[in-house]
Amino acid sequence: MVETSAGLAAASRPKLREHAGRFSASSLLALAAIAFLPNSALAWWNGDWELRKQITIDTGPSGANITDPVGTMPVLIRLHAGNFRFGDAKEDGSDIRFVAGDDKTPLKHHIEKYDSLLGEAFIWVNVPEIKPGTKGEIWLYYANKKAQPADDAKGTYDPDTLLVYHFGERGAPPRDSSQWANHAQNAGQAASGAIIADGLHLDGRTPLTLPGTPSLALPENGALTWSLWVKPAALQRHAVIYSRRDGPNSLVIGMDDGAPFVEVTANGSTQRSANAVPAAPGSWHHLALTASPGLVTLYLDGNAYATLNTSLPPLNSAAFLGGEAQEPAAGEGVSQAPASPEAQGFTGDIDELEISKTARPAGFIKAEAAGQGPEHEKLLGYGQDEETASWLNGYFAIILKSVTLDGWIVIGLLMIMAVISWAVMVSKAMYINRQGKANARFKKHFQQFAAGLTVLGTGSEHDVESLGGRIRENDRNVVVDSSLYRIYRTGAEELRSRFGSASTPLVLSSQSLAAIRSVLDGAFVAETQRLNSLIVLLTLAISGGPFLGLLGTVIGVMITFAAIAASGDVNVNAIAPGIAAALVATVAGLGVAIPALFGYNYLISRIKDLTADMQIFVDEFTTKMAESFDTSAGREARSLAAE
């Protein structure tokens, strides 16, 4: 038994609706996946770490303005509640990692102090090849509860660094953070609240003894870099900060009425730098010295302060911080170079002593002073926190976190509108494409069948459904989706209802033809309504989306200004996040309307083409019926029946 076209259509529609629904859902999921796909430019070093922030190192004119070479150096990272989310990191900071600007190369670091309760941390990071006059960046990663400690103090400093004291010990001798283990010989008096975490207080009477180890031995004409943060308690005459005496040779660094000086004695011959502008007492200053063969340079706060055209003598003895070296007891080696009778121990606080066996470039000294001092923001800039490898990074994270409840309600409504509009566009596009293909297939067969429309009055049901056998089984699944075929079937049923028996003349009166035309016009209107169904939802998205988004923006701006008025805090940081978050609603509204607008115009143009095809077919079908079922045709049919 041959299946009828109505049966085929009824059987096919549930499957088509099922496929359309699957396609719509899968399409929406694919679009969502594409939207949330991580940007390749935002590579993520390791997905186990949930948060990161970019740290900018600016040596250009807008930053520290360093024009001399810098090179590789340990950089001090200061974290506080304003630039770091301590609650998301481990309590001891052991999940903190630093990665180079390529977001691939891990950097050595170690923590000097980490206090999650007070929201304060000081971390040293070895940054390779800092260039002058430009900007570079490194990445700070954190928020990984499974991470193990990765502190590497020895790896933070290069092999030329011989001694680094952070002075974080209390009641114990300062320990060397470099790989050379040049620990101090005695404990000092701790000073809280130094320029970098804790420091050391010098009373002018009890100096700190540095070891005379082979690694600290200074050869004749040797290179040296020495740096220290100092905070003089008052103006002192000939205050000795650092002294190292070895027989007739010595190196002394101090301050004379606030003016830093360096004094070099070689074989009993002493040279001392001239005094210049003094440093104010009661404030922190970065004091540094570099020595190379024939030149000794003294720096104050990163700038060259004084020079000596000399070389350093060989020194193998212990050194003292905060006072003069002591004279040896009788019979204990050669006598040392005599100290100035006016010399006295330095009184004040010190922090961050570093000694290297190479002459660091001037840019290194300036970067050290800028990055560790009170104006460290000029060198270092801290970006916003970014979450694990999603498109909601950087500024987007700040904006979305500032969206208020009313804004989220509006955005939620817009998201619903967006999903509906996309579902309509996808399903209608699929339906229209099927219609176009099915209509093209039907028109090809109908053009061959049009000359024999009398079959509609005399043929079997199968002949009517298959256009006289022209629509074969492999075409039926396509043709049943054709709106032209459905209009044809409507007309064919009207004709067969008028030619109920073989004795009925195959003649259509003008009234019958007009009646059939009315039925065909009704079928045409029904098909047009089917094509235009749900299109109104796109027009609502186009016109209503921007207005709904604007409503959310206006409400958000009102709330922002009301909050500012209530708090009295009028500044950019208070206003900008709220305004930016309020504008998200408008962006969401446009995001709904713009795709709907393009989709609507595309669908309407396709619908107009299909509507024109149906109108032409109705006219053509009516004309062919008038030609096929006139009086002469009826007589011919009756003659054939009589024979």
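Our structure is the block above this text.
So, here is what we can say about the structure in this document. Note that the structure is a prediction, hence the values are computed from the model and not measured.

Right, let's talk about the side chain of lysine 428 for a bit. Here lysine 428 shows up in helix 5 (residues 405-449). Although lysine 428 is buried, it makes no salt bridge; glutamate 527 carries the closest opposite charge, 9.6 Å away. With residues up to four places along the chain from it excluded, the contact list for lysine 428 reads Arg530, Leu531, Asn532, Ser533, Ile535 and Leu603.

Moving on, we come to helix 9 (residues 483-498). Given 3.6 residues per helical turn, the α-helix brings residues three or four places apart onto the same face. Helix length check: helix 9, at 16 residues, gives a terminal C-alpha distance of 23 Å against a target of 22 Å (1.5 Å per residue), a fit within 8%. Among all positions in helix 9, only Ser483, Leu484, Tyr485, Arg486, Ile487, Tyr488, Arg489, Gly491, Ala492 and Leu495 are buried.

On to the packing of aromatic side chains, then. Two numbers describe a pair of aromatic rings. These are the distance of the centres and the angle of the planes. All told, the structure shown has eight aromatic pairs when counted by the stated rule. Each ring, one from tyrosine 165 and one from phenylalanine 167, has its centre 5.9 Å from the other, and the planes form 75 degrees; the classification is edge-to-face. Since its relative accessible area comes to 0%, tyrosine 165 is described here as buried. The class of phenylalanine 167 is buried, set by a relative accessible area of 2%. What links up through ring pairs into an aromatic cluster is the set Trp44, Trp45, Trp49 and Tyr141. The aromatic ring of phenylalanine 261 is capped on one face by arginine 272, whose charged end is 3.7 Å from the ring centroid. For the cation-ring pair, arginine 360 lies above phenylalanine 364, with the distance from its terminal atom to the ring centre recorded as 5.0 Å.

This part is about the nonpolar core. Ranked by internal contacts, the top residues of the largest apolar core, which has 42 residues, are Leu210, Trp226, Leu321 and Leu353. Among the elements that take part in this core, strand 12 (residues 224-232) stands out by supplying four residues, more than any other. In this view, leucine 353 contacts Leu163, Val164, Tyr165, Phe167, Leu210, Trp226, Ser227, Leu228 and Leu321; residues no more than four positions away in its chain are not counted. In terms of nonpolar packing, the next biggest core, distinct from the first, is built from 39 residues, Phe446, Val479, Val618 and Phe621 among them.

The next point concerns helix 3 (residues 362-372). Where burial is concerned, most of helix 3 is hidden: nine out of the 11 residues are buried. Three or more residues of helix 3 are buried, namely Gly363, Phe364, Ile365, Ala367, Glu368, Ala369, Ala370, Gly371 and Gln372. Considering only its buried residues, helix 3 is in contact with strand 2 (71-80), strand 6 (120-130), strand 12, strand 17 (285-292), strand 18 (295-300) and strand 22 (347-356).

Before going further, it helps to spend a moment on the sheet that holds strand 2. Pairing is antiparallel across the open sheet formed by three strands, whose spatial order is 2-6-5. Unpaired on one side and paired on the other, strand 2 and strand 5 (109-115) mark the two borders of the sheet. If you compare each strand with its neighbour and ignore which way they point, the axes differ by 20 degrees on average. With nine bridges connecting them, strand 2 and strand 6 associate as antiparallel partners. Of the residues in strand 6, the one forming a bridge with isoleucine 77 is isoleucine 123. Here helix 3 sits on the sheet in contact with strand 2 and strand 6, set at roughly 5 degrees to strand 2.

Applying the stated criterion to the full structure yields 18 salt bridges. Taking the shortest distance from any N to any O, the salt bridge between arginine 517 and aspartate 521 comes out at 3.1 Å. With arginine 517 and aspartate 521 both in helix 10 (residues 510-532), this residue pair falls four residues apart, about one helical turn. Taking the relative accessible area as the measure of exposure, aspartate 521 reaches 28% and is therefore partly exposed. For aspartate 619, the salt bridge is made with arginine 517, and the minimal N-O distance between the two is 2.7 Å. Placement of the pair is aspartate 619 in helix 12 (residues 572-628) and arginine 517 in helix 10, with a sequence separation of 102 residues.

So, about the packing of helix 9 against helix 10. One way to put it is that helix 9 packs onto helix 10 with a least axis distance of 10 Å and a crossing angle of 155 degrees. Considering their axes alone, helix 9 and helix 10 lie roughly antiparallel with respect to each other. The way helix 9 lies across helix 10 gives a crossing that is right-handed. Of helix 10, the residues touching helix 9 (which contributes Ser483, Arg486, Ile487, Thr490, Gly491, Glu494, Leu495 and Arg498) are Ser512, Ala515, Ile516, Val519, Leu520, Ala523, Phe524, Glu527 and Arg530. Its residues assigned to classes, the contact of helix 9 with helix 10 comprises eight nonpolar, four polar and five charged.

All right, on to the side chain of glutamate 527 then. Residue position: glutamate 527 is located in helix 10. In this view, glutamate 527 contacts Tyr431, Ser483, Arg486, Ile487 and Met614; residues no more than four positions away in its chain are not counted.

Together, Leu405, Ile409, Leu413, Ile416 and Ile420 give the surface a local cluster of nonpolar side chains, amounting to about 490 Å² of exposed area. Its place among the elements puts leucine 413 in helix 5.

With that out of the way, let us pick up the sheet that holds strand 23 (residues 380-387). Strand order in the open sheet made by the five strands is 4-3-7-1-23, with antiparallel pairing throughout. The sheet is open, and its two borders are formed by strand 4 (106-107) and strand 23, each paired with just one other strand. Both strand 3 (residues 97-99) and strand 7 (residues 135-142) contribute to a ladder of three bridges, which runs antiparallel. Counterpart to phenylalanine 98 in the pairing with strand 7 is leucine 140.

The next thing to look at is the pairing of strand 10 (residues 199-203). Note that strand 9 (residues 189-191) and strand 10 share three bridges and pair antiparallel. From the neighbouring strand, alanine 191 faces strand 10, where its bridge partner is glycine 199. Where strand 10 lies against strand 22, four bridges are found, and the strand directions are antiparallel. Looking at the pairing, aspartate 203 lines up with threonine 347 of strand 22.

Rules used throughout
- Residues numbered from 1 in each chain as written.
- Predicted model: local features only at pLDDT ≥ 70, side-chain atom pairs only at ≥ 80, totals over all residues.
- Heavy atoms only, no water.
- Helix = DSSP H or I, 4+ residues; strand = E, 2+ residues; numbered from the N terminus.
- Buried < 20%, exposed > 50% of the residue type's maximum accessible area, 1.4 Å probe, protein only.
- Lys, Arg positive; Asp, Glu negative; His and termini not counted.
- Salt bridge = Lys/Arg side-chain N within 4 Å of Asp/Glu carboxyl O.
- Contact = heavy atoms within 4.5 Å.
- Expected span 1.5 Å × (residues − 1).
- Phe/Tyr/Trp six-rings, centres within 6.5 Å; stacked < 30°, edge-to-face > 60°.
- Lys NZ or Arg CZ within 6 Å of the ring centre and 35° of its normal.
- Core = buried A, V, L, I, M, F, W, Y, C linked by side-chain atoms within 4.5 Å.
- Pairing = 2+ DSSP bridges.
- Axes fitted to C-alpha atoms, helices over the stretch in contact; angles between N-to-C directions.
- Parallel < 35°, antiparallel > 145°, perpendicular 65-115°, else oblique.
- Left-handed = near helix turned anticlockwise from the far one by under 90°.
- Nonpolar A, V, L, I, M, F, W, Y, C, P; charged D, E, K, R; others polar.
- Patch = residues over 30% accessible without salt bridge, like charges linked within 9 Å, V, L, I, M, F, W, Y side chains within 5 Å.
- Areas by Shrake-Rupley, 256 points an atom, 1.4 Å probe, with all protein chains shown as cover.

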